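A look at the structure
If you want the building blocks of each chain, they are given just below.
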2 protein chains.
Amino acid sequence: MSASFTIALDAMGGDNAPAIVVKGADLARRRFPNIRFRMFGDEARILPLIKRRKRLREITEIMHTDDVISSEMTVSVAIRKGRQSSMQLAINAVRDGDAEGVVSAGNTGALMAMAKLSLRTLPGIHRPAIAAILPSIRGESVMLDLGANVECDAENLVQFAIMGDVFARTVLGTVNPSCGLLNVGSEEMKGHAEIQQAAAYLRQMTGTFNFHGFVEGDDIAAGTTDVVVSDGFTGNIALKTTEGTARLIKEFLGDAFRSSLSARLGYIFARRGLRKMRDRIDPRRYNGAVFLGLNGIAVKSHGGTDAFGFANAIGVAIDMAANGFNQKITDGLEAFGELDQGPAEAAAS
Amino acid sequence: MSASFTIALDAMGGDNAPAIVVKGADLARRRFPNIRFRMFGDEARILPLIKRRKRLREITEIMHTDDVISSEMTVSVAIRKGRQSSMQLAINAVRDGDAEGVVSAGNTGALMAMAKLSLRTLPGIHRPAIAAILPSIRGESVMLDLGANVECDAENLVQFAIMGDVFARTVLGTVNPSCGLLNVGSEEMKGHAEIQQAAAYLRQMTGTFNFHGFVEGDDIAAGTTDVVVSDGFTGNIALKTTEGTARLIKEFLGDAFRSSLSARLGYIFARRGLRKMRDRIDPRRYNGAVFLGLNGIAVKSHGGTDAFGFANAIGVAIDMAANGFNQKITDGLEAFGELDQGPAEAAAS
């Protein structure tokens, strides 16, 4: 990567801000040599943290502001009162062309709403979506929407499919990613009208688009397709169900290793292997929910992440910027030229 | 349990029928001394299996039929051509009062459709639902609907809540079970109109009904509530996502224990503890998806289960029969006397 990229950081967002933001930026700097940062937040708190990090200091411009969006703030309050907040100013840097992307570990709802209002959607995109990378038995896959849109029509789902396709190519480097629509069965007649229409439309796209068909809940972790598309209600619940199940098994596994002296000993012998396994499903590796479909790159880091996780979220923003993510979405929409016709008509034709 | 119960068994349903059906019945017999069976299927295949099991033979009446519903059959074909099938005849035994419940490991869609047509819904119930017991960090919880109804209105969700409540009391013995509505956030304003209306209605029921409010995907495994209610689309995807995630972690765990000699040794030391853990999430323990809201007890065993799993499915049917499950649902609906008014009006009032 020879081009230089500037990333705007909301230094005050997240549980351990600004410390993990500064540390995460320093980690990302080592991975991406041509990166520059604009860090928005309380200079008095950021400066002491950055002082000892000479290399980071050289590539970072601190933009002072007193205002912060708290995690408890409602979206409407955040928008009304947060005009000078570190989050809003970081987003504005992308809008104004001063940064290629923004990363925040702050209030998700506020970030989504502010980014939507300031950056606006890409031409042709009706609704932005939240996407994330998830581990699967076959590697990694992309899932969207994870909660931006509680109700979706067929056209929304088709646009999510296109955005997910571009995201898999751009960020994961997947060649010709396959795409599945999340449903209650893989048979063609399953599911409600919106998903039926979306499938009918995507089926016509064979050649330009690798539509697998319907997938079920267990296909997400199986990695049956590279991209899994659903409405935001179902996607959000599926994502959180995954997290809950992983936590349940972790808990039970802990109990198992504590159940006897022999089991404790077993844990010690198996520790290295188990650590490798933990790394494979490490939520920090999959940190960074991305708002797709906006006229600018915005990545949400998990609020409770550490520097490693935050650096990964920065990495996602850079991958998207470096690979011309938004331009590719626009191209993808054009390739689906008939989209204006709408999936309903496509299904009927 | 002093009363005697007769359970109708579809001896030909499932991957390993009739062998596991006969073995499962024999296991259940030991657990429930007053049980009797009506076994529907191919006598020539059932008899040799049952011959050596003297005690089982004494309490079992074999009802011969040649016809079988295969797992590949569509629902419409099954209904048209399956009138003399082991599945249909077993259901008819419940309808005709010859058995207190029916258990089948066969074609789910066919079983649901046939049971609905033959048994009909309980008075006042608009839509039957599929429920199952799931493991959680706090013990066990009940989840419904798992796929019978792809689209649900507020009144359906309220009825699912009542049925789930009675199921938790009856089958799990939970005192005053708490109930949560699955949603994308726990705040009151989250989610779509149907779920908002259902919540408004259930909130009025404090005193008679322990409504917790909204729960999220990770609350299922956390056991935040004893009952989790959702539409069948979301519930089905959440359930299968759980299964997929568990399989992913099992796979990764296997890799971890195979990753080195030391890890293999660790596995040997920890084996007993790990086995106990596996038992806690053993799908066979949670075998038996139940059709709630029908005028008769119908339990679907997993098609690929073994005798232990099938016996558990029989156990669920007996628990429901012994505790007057359907009568309690009718009582529960009456306690919600205002239900006729409909949740929409309740929300407005």
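Worth saying up front: this structure is predicted, and the values here are computed from it rather than measured.

1. Digging into the sheet that holds strand 5 (residues 129–136) of chain B
Residues and elements named next belong to chain B. Read from one edge of the open sheet, 11 strands run 3-2-1-4-11-10-5-6-9-7-8, paired in mixed fashion. In the strand order of this sheet, the two ends are held by strand 3 (60–64) and strand 8 (211–215), each with one partner. Averaged over neighbouring strand pairs, the angle between their axes works out to 25 degrees when direction is ignored. Here strand 7 (residues 179–182) runs beside strand 8; their pairing, made up of 4 bridges, is parallel.

2. What to know about the interface of chain A and chain B
Counting from both sides, the interface comprises 55 residues of chain A and, opposite them, 55 residues of chain B. Elements with a minimum of two residues in the side of chain A that touches chain B: helix 9 (217–222), helix 10 (232–258) and helix 11 (261–280) of chain A. No other element matches helix 10 of chain A, which puts 22 residues into the side of chain A that touches chain B. Class assignment of the residues belonging to the side of chain A that touches chain B gives a composition of 27 nonpolar, 16 polar and 12 charged.

3. Re the pairing of strand 10 (residues 289–292) of chain B
Residues and elements named next belong to chain B. On strand 10, burial covers both faces: Ala 289 and Phe 291 on one face and Val 290 and Leu 292 on the other are all buried. As defined by bridge partners, strand 5 adjoins strand 10 across 3 bridges and the pair is classed as antiparallel. Directly across from Ala 131, in strand 10, lies its bridge partner Val 290. Examined bridge by bridge, strand 10 and strand 11 (residues 297–300) share 3 bridges and lie antiparallel to one another. The partner of Ala 289 across the bridge, within strand 11, is Lys 300. Here strand 10 hands over to strand 11 after 4 residues, with Gly 293 in that stretch at a positive phi of 100 degrees.

4. Focus on the relation of the copies chain A and chain B
For the pair chain A and chain B, the relating rotation is 180 degrees, the translation along its axis is 0.0 Å, and the fit reaches an RMSD of 0.1 Å. Such a combination of rotation and displacement between the chain copies is what one expects of a two-fold axis. Among all C-alpha atoms of chain A, that of Gly 266 of chain A lies closest to the rotation axis, at 1.9 Å. Both copies share a contact surface, since 100% of the interface residues of chain A are interface residues in chain B too.

5. As for the nonpolar core
Core analysis: the biggest nonpolar cluster contains 213 residues, and Ala 131 of chain A together with Ala 131 of chain B have the highest contact counts within it. Once you skip the residues sitting within four places of it in the chain, Ala 131 of chain B turns out to touch Val 142, Met 143, Leu 144, Leu 146, Gly 164, Phe 167, Ala 289, Val 290 and Leu 292 of chain B. Ala 256, Phe 257, Ala 270 and Leu 274 of chain A belong to the second largest nonpolar core, which has 14 residues in total.

6. Some details on the domain arrangement of chain A
In terms of domains, chain A is made up of domain 1 (1–119) and domain 2 (127–285 + 325–349). Distance between the C-alpha centres of domain 1 of chain A and domain 2 of chain A: 28 Å.

7. Some remarks on unusual backbone geometry
With an omega of 0 degrees, the peptide bond between Ala 17 of chain A and Pro 18 of chain A qualifies as cis. Its place among the elements puts Pro 18 of chain A in the loop between strand 1 (5–10) and helix 1 (19–31). Here Arg 120 of chain B, not a glycine, exhibits a phi torsion of approximately 65 degrees, which is positive. Note that Arg 120 of chain B resides in the loop between helix 6 (108–119) and strand 5. Taking the C-beta count within 10 Å as the criterion, Arg 120 of chain B has 15 such neighbours and is therefore assigned partly exposed.

8. Describing the sheet that holds strand 9 (residues 227–229) of chain A
Residues and elements named next belong to chain A. Ordered by their spatial adjacency, 11 strands build an open sheet running 3-2-1-4-11-10-5-6-9-7-8, and the pairing between neighbours is mixed. Each edge of the sheet is formed by a strand with only one pairing partner; in this case those strands are strand 3 (60–64) and strand 8 (210–215). Mean inter-strand twist for the sheet, computed between neighbouring axes without regard to direction, equals 25 degrees. Lying on the sheet, helix 1 is in contact with strand 1, strand 2 (35–41) and strand 3; it crosses strand 2 at an angle near 175 degrees.

9. As for the packing of helix 5 (residues 86–95) of chain A against helix 6 (residues 108–119) of chain A
Residue and element names in this part refer to chain A. Two numbers describe how helix 5 lies on helix 6: the axes approach to 10 Å, and their chain directions differ by 35 degrees. Seen along the crossing, helix 5 lies across helix 6 with a hand that is right-handed. Across the interface between the two elements, Met 87, Gln 88, Ile 91, Asn 92, Val 94 and Arg 95 of helix 5 pack against Ala 110, Leu 111, Met 114, Ala 115, Ser 118 and Leu 119 of helix 6.

10. Description of helix 7 (residues 154–172) of chain B
Residue and element names in this part refer to chain B. If you check helix 7, its first and last C-alpha atoms are 26 Å apart, about what 19 residues at 1.5 Å a residue would give, namely 27 Å. The buried fraction of helix 7 amounts to 18 of the 19 residues, a majority that puts the element mostly inside the structure. Residue Gly 173 follows helix 7 closely and has a positive phi angle near 70 degrees.

11. What about the confidence of the model for chain A?
It should be kept in mind that the predicted coordinates are not to be read in detail where pLDDT is low. All names here are of chain A. Per-residue confidence for chain A averages 90 on the pLDDT scale, and 95% of its residues sit at or above 70. Confidence over residues 342–349 falls short of pLDDT 50; this stretch has 18 contacts with residues more than four positions distant or in other chains. Predicted complex metrics record ipTM = 0.86 and pTM = 0.88.

12. With respect to the pairing of strand 4 (residues 101–104) of chain B
Residues and elements named next belong to chain B. Because side chains alternate across strand 4, one face comprises the buried residues Gly 101 and Val 103, and the other comprises Val 102 and Ser 104, equally buried. In terms of strand pairing, strand 1 (residues 5–10) meets strand 4 through 3 bridges, oriented parallel. Looking at strand 4, one finds that Leu 9 is bridged to Val 103. Relative to strand 11, strand 4 runs parallel, the two sharing 4 bridges. In the sheet register, Ser 104 faces strand 11, and the bridge partner there is Lys 300.

Reading the values: the criteria
- Residues numbered from 1 in each chain as written.
- Chains lettered and ligands numbered in written order.
- Predicted model: local features only at pLDDT ≥ 70, side-chain atom pairs only at ≥ 80, totals over all residues.
- Pairing = 2+ DSSP bridges.
- Helix = DSSP H or I, 4+ residues; strand = E, 2+ residues; numbered from the N terminus.
- Axes fitted to C-alpha atoms, helices over the stretch in contact; angles between N-to-C directions.
- Contact = placed C-beta atoms within 7 Å.
- Nonpolar A, V, L, I, M, F, W, Y, C, P; charged D, E, K, R; others polar.
- Buried ≥ 20, exposed ≤ 12 C-beta atoms within 10 Å, placed from the backbone.
- Least-squares fit on C-alpha atoms with pLDDT ≥ 70 in both.
- Core = buried A, V, L, I, M, F, W, Y, C linked by C-beta atoms within 7 Å.
- Domains from an automatic or database assignment.
- Left-handed = near helix turned anticlockwise from the far one by under 90°.
- Expected span 1.5 Å × (residues − 1).
- pLDDT = per-residue confidence, 0-100.

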